[in-house]
Amino acid sequence: GDIVLLAKPVTLTEGDRVTLTTDVPVATDGTSKPEKLLYAISLPPVHGQIEHINYPGVPISSNRQLDVVAQEVSYDHDNSRGAGEESLR
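Cut-off values and rules
- Residues numbered from 1 in each chain as written.
- Predicted model: local features only at pLDDT ≥ 70, side-chain atom pairs only at ≥ 80, totals over all residues.
- Heavy atoms only, no water.
- Helix = DSSP H or I, 4+ residues; strand = E, 2+ residues; numbered from the N terminus.
- pLDDT = per-residue confidence, 0-100.
- Pairing = 2+ DSSP bridges.
- Axes fitted to C-alpha atoms, helices over the stretch in contact; angles between N-to-C directions.

Under the annotation held in an unreviewed UniProt entry, the chain carries the name FRAS1-related extracellular matrix protein 1 and is attributed to Phoenicopterus ruber ruber.

(A) Focus on the environment of P59. Relative to the elements of secondary structure, P59 occurs in the loop between β5 (48-52) and β6 (62-64). Once the C-alpha coordinates of P59 and G48 are considered, the two residues, 11 residues apart in sequence, prove to be 9.0 Å apart.

(B) Broad picture of unusual backbone geometry. Positive phi is not limited to glycine here, since Q71 has a value of about 55°. Checked against the element boundaries, Q71 lands in the loop between α1 (65-69) and β7 (73-77).

(C) Representation of the confidence of the model for the chain. Looking at the chain, the pLDDT average stands at 78 and 74% of residues meet or exceed 70. At the level of individual helices and strands, the chain shows its lowest average pLDDT in strand β1 (residues 4-7), which scores 64, and its highest in β5, which scores 91.

(D) View of the sheet that holds β7. Spatial strand order, β2-β7-β5: 3 strands in an open sheet with antiparallel pairing. At either end of the open sheet lies a strand with only one pairing partner, and these are β2 (17-19) and β5. Across the sheet, the mean angle separating the axes of adjacent strands is 20° when strand polarity is ignored. Where β2 and β7 come together, 3 bridges link them in antiparallel fashion. Bridge pairing in β7 places T19 opposite S74.

What follows is the structure, given as structure tokens:
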């Protein structure tokens, strides 16, 4: 079936870390088990990285929605000045 992904922008400054919650990315595929959805990061952020909070400093290329619900995934900005807006896919 169709998958719907809702994403909201997050504002942070150089060097900040933000924990991803279901207020930022949340997806549904019409089943009763959205926690099993897998996010694959095909285009990582340029000025930081997505990482699991239990493994700081190690970028990840995928995570489960269950990790987002448990607030175990974060985006860490790399202290680049003038980075401007950034997104990931």
